[in-house]
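Overview (structure and organization)
One letter stands for each residue in the lines below.
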Amino acid sequence: MTKFIADPSFWEVFPEAQINVLIVKGIADNQAKTDDSYLLELLAKGKEAAKGYLQEETFSQNPVLAQWRGAFSQFKTKKGARSSIEALLKRVSQDRAFSPINPLVDIYNSISLEFAVPCGGEDLQKIAGEIHLGQAAGGEAFLPLGAEADAPALPGEMIYYDDEGAICRCLNWREAQRTMLTETTKDVIFFMESVNAEQAQRADQAMLELKKRIADYFEVEGTDFVVNAENSQVTIEG
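So, the pattern of salt bridges
For the coordinates displayed, the defined rule picks out 14 salt bridges. One salt bridge in this structure joins arginine 69 and glutamate 86, with 2.6 Å as the shortest N-O distance. With arginine 69 in helix 3 (residues 63-72) and glutamate 86 in helix 4 (residues 84-93), this residue pair connects regions lying 17 residues apart in the sequence. Between arginine 178 and glutamate 164 there is a salt bridge, with the nearest N and O atoms lying 3.7 Å from each other. With arginine 178 in the loop between strand 7 (174-175) and strand 8 (187-194) and glutamate 164 in the loop between strand 5 (158-162) and strand 6 (165-169), the pair connects residues that are 14 residues apart, well separated along the chain. Where salt bridges share partners, they join Arg69, Arg82 and Glu86 into one cluster.

Describing the sheet that holds strand 2 (residues 18-25)
Strand pairing within a sheet occurs via backbone hydrogen bonds; the two strands may be parallel or antiparallel. With antiparallel pairing, four strands are arranged side by side in an open sheet as 3-8-2-9. The strands lining the two open edges of the sheet, one partner per strand, are strand 3 (119-123) and strand 9 (223-227). Recorded for the sheet is a direction-independent mean angle of 20° between the axes of neighbouring strands. Here strand 2 runs beside strand 8; their pairing, made up of eight bridges, is antiparallel. Within the sheet, the bridge partner assigned to isoleucine 23 lies in strand 8 and is isoleucine 189.

Brief notes about the packing of helix 4 against helix 5 (residues 103-115)
Packing of helix 4 against helix 5 leaves a shortest axis separation of 10 Å and a crossing angle of 80°. With respect to each other, helix 4 and helix 5 are oriented roughly perpendicular. On the side of helix 4, the interface is formed by Ile85, Leu88 and Val92, while helix 5 contributes Asn109, Ser112 and Leu113. Per-class residue counts for the contact of helix 4 with helix 5 are four nonpolar, two polar and no charged.

Some thoughts on helix 2 (residues 37-50)
An ideal rise of 1.5 Å per residue puts 20 Å on 14 residues; helix 2 measures up with 20 Å between its terminal C-alpha atoms. Listed as buried for helix 2 are Leu39, Leu42, Leu43, Gly46, Lys47 and Ala50. Looking straight down helix 2, one finds that the buried residues subtend no more than 130° of arc, so they occupy a single side. Exposed residues on helix 2 whose side chains face more than 90 degrees from its buried face are Ser37 and Glu41. Those residues of helix 2 that are buried lie in contact with helix 4, helix 5 and helix 6 (197-218). Looking at where helix 2 begins, the residue whose side-chain oxygen comes 2.9 Å from the main-chain nitrogen of tyrosine 38 is aspartate 36.

Parameters at a glance
Residues numbered from 1 in each chain as written. Predicted model: local features only at pLDDT ≥ 70, side-chain atom pairs only at ≥ 80, totals over all residues. Heavy atoms only, no water. Salt bridge = Lys/Arg side-chain N within 4 Å of Asp/Glu carboxyl O. Helix = DSSP H or I, 4+ residues; strand = E, 2+ residues; numbered from the N terminus. Pairing = 2+ DSSP bridges. Axes fitted to C-alpha atoms, helices over the stretch in contact; angles between N-to-C directions. Parallel < 35°, antiparallel > 145°, perpendicular 65-115°, else oblique. Contact = heavy atoms within 4.5 Å. Nonpolar A, V, L, I, M, F, W, Y, C, P; charged D, E, K, R; others polar. Expected span 1.5 Å × (residues − 1). Buried < 20%, exposed > 50% of the residue type's maximum accessible area, 1.4 Å probe, protein only. Arc of directions from axis to C-beta. Polar contact = N/O pair within 3.5 Å; in protein donor to acceptor, adjacent residues only side chain to side chain.

Below, the structure written as structure tokens:
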């Protein structure tokens, strides 16, 4: 049994925030399927829906991007760090294709695109102790996806972390290799981030659809939670 806890240091910066959480256990097969028509269709549908959030000629002036850049300006970040949704929408703006990675990642990316919400997932079996979201003390170990050297968190950076170090840096900006979703993942925790009421409304809708798509594809029902300033932690059954 473990917990997800959003620390007081998170709410001090984002008192109106909401974190939607989904726990799914018993994934039987997360093998990459590059020719899976269902996953390809989800990603294509997500890309098309995402175009609706890009109505301004200047990319950074689109409301979704402007809101998240404003949020990132409120805590210490590594130079160039942006919300995960910005990276996805940038690819949409460049008309780049989305290729399958593995089903869990493909499904949450399709949701993130369709609802313009930052979304990420971690392998629960690789978590050490409790999962926290809060400001880094600085120096928390972090091996980024695709890297070979440690890139520790900066003091004041907003991170997801456990007993062994950072899981994601700058909210959902960059993923750690240690807890990433792989083809052998069996148990997963998903996070969606919102910092205002309009984002939270979209995230609530996105979570319902994520839960449905996971159940349809893997035939496993997940359990979802909402974390906010009044209810800042959830217990994850072992």
